[in-house]
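Chain and residue survey
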Amino acid sequence: MGVIKMKIRTVILMSLFLSPIYLMAQGSLVSVSGIIKKKVSEESLPFVNVVLKDIDSSFVAGTISNDHGLFTISDVQPRNYLIEISYVGFTKYSAPLFVGSNSKYIDIGSIFMDENVQQLIEVVVTGNQDAIAGTMDKKTYTVDDNVSQRGGSLLQSMNNLPGVTTHDGQVQLRGSDQVMILIDGKQTAMTGFGNQKGLDNIPASAVAKIEIINNPSAKYDANGNAGIINIMLKKQEQSGLNGMVGLSTGLGALWIRKENLPGIRPQYTGTPKINPSFSLNYRKTKVNLFLQADNLYTQTLNKNEFVNRTYDDGTVINQQLKRNRNTNFFTSKAGFDWFVNDRNTLTISGLFTQESIKDYGDQPFFNENSDENQRLWQFLEDEVLTAAMASFAYEHTFLQPGRKLNIGFNYTFDREDEKYFFTNTRPSYSVEESFFLIADQKVADFTFDYTRPLKHGLLETGMKLRRRTIPTDMLFNPSATNSVLDTGADGKATYKETIPALYGNYTYEVKKLEAEVGLRLEYIDLKYEVDPRHNTYQSDGYNYLQPFPNVRITYKLNDRNKISAFFNRRVDRPDEVDIRIFPKYDDAEIIKVGNPGLQPQFTNGFELGYKTDWNEGYLYGAVYHRISDGTIARIATTVDNSNLIYNISQNAEKSYNTGMEVVVTQALSEIIDMNLNLNGYYNQIDAFSVVNQYPVDNIFTAEMQKIYAGNIKLNTNFKFGGGTEAQLTAIYITPDIIPQGTIDSRISLDVGIKKSIQKDKGELFFNGTDLLNTMVVKKKIKGNGFSYTSSDYYETQVIRLGYSYKF
């Protein structure tokens, strides 16, 4: 009996002793985290559903993985659970999970999802992921969903994206063309290492997605004050042999909008377009081979500009610049991914492009009444742009989910080979002249990036080293008499750029608050070596060591409402063509010349964004303000009572861009959804005075310019039965200011339709752009001693028909 009492007392004492420990353990909540990846490629999967259930399958908690595939479920009681992970196109993952109490944080590591090919074929996705990221720092769009612009160029496919406008072959974000263009996250010769280029000739069929990043982090290069556009090329990832073939064709310039001035060759009408495309992928065990090729051939009425120039002495000149263009753009990408083991991946790839452009141009000049022909300028511009890039990328992943090391090396060579032949006919004589330009660009980029997830965020750090050289050789071939070429302004020049950079970026996240702080430290040494025989310019350059910080703070009001505030500092460095010393005569009386004394333009940007979600849509709004110092612009001047206009790169004073952007997406029914984008802004360029050196020293003074401008875009999408979809796009762009003048409003209406056939393996599409033929660019320019108005009736109306097949 005494023994029994002793045991009872012992049990009671132990119970009293252990009860606080048990209760304390029950009260300790745990955060469960991990990373979701594809089983074959080990690539992270974003926006995956993760659910924690009790053993009886009742719901406990849930979340979705972020952009990097990472997920965290907070405030979990320690006990046994069932974790279920699901994602469209993948087999559901389910496994028991024990949550202990020894640590407040549990990292369950990587969870690999198997692709379900059958499910991919049979499932019909009725909803779309929001284009705007939860952090509100970027927007992502799928090119194939842009039905009204399929089959054309990359530039055309971006024309109806929110916040984007296009002008003179370039894109503008929120009214600025200072945009950095990336291909698969890297700068390339295709789209430019400085100023953007080539977007109007890259086939949209080669592109999978387009990212618009208005507020880049320190991880990105510091140039591009308006932001970054990242072009993601198509790349298949399924196991085995698979790929896609496609063919599209079209016609543009369906009728003549404005008749030519007398005495010139006909303008292009009924211009043909053809775009075959092909991609192939073979994946087996540790190796993935990929190949992609696209060819876009187009004839276009590239320019059809009518200009009326008035000089202070009363002289009036009516002129036309008509440019019939033949373009063939071939692009190919090939390479392989080698999955060495579970932690190491090596990717080697090559990108090759060749763009052949032939412009057949006519430029007549008449008096005020257009009854006296004063001059006829006819030309052939034959240009071939060839680029090749070799890329090496190594990735090592650590045991901790999301922790990785990336090392990359890219080498690019591209050649600009331009031959320009022209005939200059005056009432009393006619001469034939030409000039040839060769520019070889060589760029080597080395990158080192390290990423490590922390308990409440992510740390990114790394470095980049760039070496870029561009030797150029311009040769003028003047006539013996009456030459218009400035024979002392040709010769050789070499552009040399060295940029080392270091960066660090830290993201912190708790339940209600997200914060991101980054700093990029960049040094640049730029030298521009000029032929000492040049009659105007001398060697020049600059260097700087500058910090480029970025800050983002996001506050989650609740599950459906967020507010974000941004700050970043960026730079726009003059590109080689901005400082190129050789006069270019592709317009008979508007001579473009660079300026080797040009300095960088620095910009501070501020933004406040708000996003709210509801069941059938969302609203995104942002107010922004940018201040640029040393604004880079081209200045048009005349000298010595000449009718010639010299268009020269210069640094103006400060400029300001203040505006508001609104994006509303709403499903109106099961068939119809719409996306409305409103972007309004105020642009101001302060008064400034500069000295132009070419062709002789002259002072240019400009008064302050300011204007309220913006654009409205409405995309309406229709989803009919039987795999048929349609899109109607309406665009209105308000008047805006440009250096020394204004550009009038523009409007267009686009439509497209596509239909899935052959058990969803094939697809047909038909579309038409600028159906009403209303997109005309009208400008007014005021310079020292002259002014002019212009209307450009270039080709905007195009109809296209295409077919693609996946295998």
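The rules behind the values
- Residues numbered from 1 in each chain as written.
- Predicted model: local features only at pLDDT ≥ 70, side-chain atom pairs only at ≥ 80, totals over all residues.
- Heavy atoms only, no water.
- pLDDT = per-residue confidence, 0-100.
- Helix = DSSP H or I, 4+ residues; strand = E, 2+ residues; numbered from the N terminus.
- Contact = heavy atoms within 4.5 Å.
- Buried < 20%, exposed > 50% of the residue type's maximum accessible area, 1.4 Å probe, protein only.
- Salt bridge = Lys/Arg side-chain N within 4 Å of Asp/Glu carboxyl O.
- Pairing = 2+ DSSP bridges.
- Axes fitted to C-alpha atoms, helices over the stretch in contact; angles between N-to-C directions.

A closer look at the confidence of the model for the protein chain
Here the protein chain averages 87 in pLDDT, and 93% of its residues register 70 or above. Highest mean pLDDT in the protein chain belongs to strand E20 (residues 404–425) (96); lowest belongs to helix H1 (residues 2–27) (39). Here residues 1–27 is a poorly scored stretch, pLDDT under 50, and it has four contacts once near neighbours within four places are set aside; other chains count. Confidence drops under pLDDT 50 across residues 117–128; counting only partners more than four residues distant or on other chains, this segment forms 13 contacts.

What about the side chain of Glu 576?
Within the fold, Glu 576 resides in helix H4 (residues 576–579). For Glu 576, a relative accessible area of 3% gives the class buried. Setting aside its immediate chain neighbours within four residues, Glu 576 contacts Ile 470, Thr 472, Tyr 495 and Tyr 528.

A look at the pattern of salt bridges
Applying the stated criterion across every chain, the model contains 43 salt bridges. Linking Arg 150 and Glu 763 is a salt bridge whose minimum nitrogen-to-oxygen distance equals 2.2 Å. With Arg 150 in the loop between strand E8 (138–142) and helix H3 (154–157) and Glu 763 in strand E41 (residues 762–769), this residue pair connects regions lying 613 residues apart in the sequence. Across the pair, exposure class does not vary: Arg 150 and Glu 763 are buried alike. Between Arg 573 and Glu 522 there is a salt bridge; the shortest N-O distance is 2.8 Å. Residue Arg 573 is found in the loop between strand E26 (561–572) and H4, and its partner Glu 522 is found in strand E24 (residues 513–530); the two are separated by 51 residues along the sequence. Residue Glu 522 is classed as buried on the basis of its relative accessible area of 2%.

Let's talk about the sheet that holds strand E31 (residues 645–651)
Strand pairing in a sheet relies on backbone hydrogen bonds, with the paired strands running either antiparallel or parallel. Here we have three strands laid out as an open sheet, ordered E27-E31-E30, and mixed in their pairing. The two strands at the open ends of the sheet, each matched to only one other strand, are strand E27 (590–593) and strand E30 (632–637). Looking at each pair of strands side by side, their axes are set apart by 30° on average, direction ignored. In the sheet, E30 pairs with E31 via six bridges, with the strands oriented antiparallel. Bridging from a neighbouring strand, Ile 632 pairs with Asn 651 of E31.

So, the pairing of strand E13 (residues 227–233)
E13 sits mainly inside the fold: six of its seven residues count as buried. Sheet analysis places strand E11 (residues 179–183) next to E13, joined by five bridges and oriented parallel. Looking at the pairing, Val 179 lines up with Gly 227 of E13. In this sheet, E13 lies alongside strand E12 (residues 207–213) in antiparallel orientation, the contact comprising six bridges. When the sheet's bridge partners are listed, Val 207 is paired in E13 with Leu 233.

Quick look at the sheet that holds strand E3 (residues 59–64)
Taken in spatial order, the four strands line up as E3-E2-E5-E6 in an open sheet, and their pairing is antiparallel. In the strand order of this sheet, the two ends are held by E3 and strand E6 (93–98), each with one partner. The sheet shows a mean angle of 20° between the axes of neighbouring strands, taken without regard to direction. Both strand E2 (residues 49–53) and E3 contribute to a ladder of five bridges, which runs antiparallel. Each bridged residue has a counterpart across the sheet, and for Val 50 the counterpart in E3 is Thr 63.

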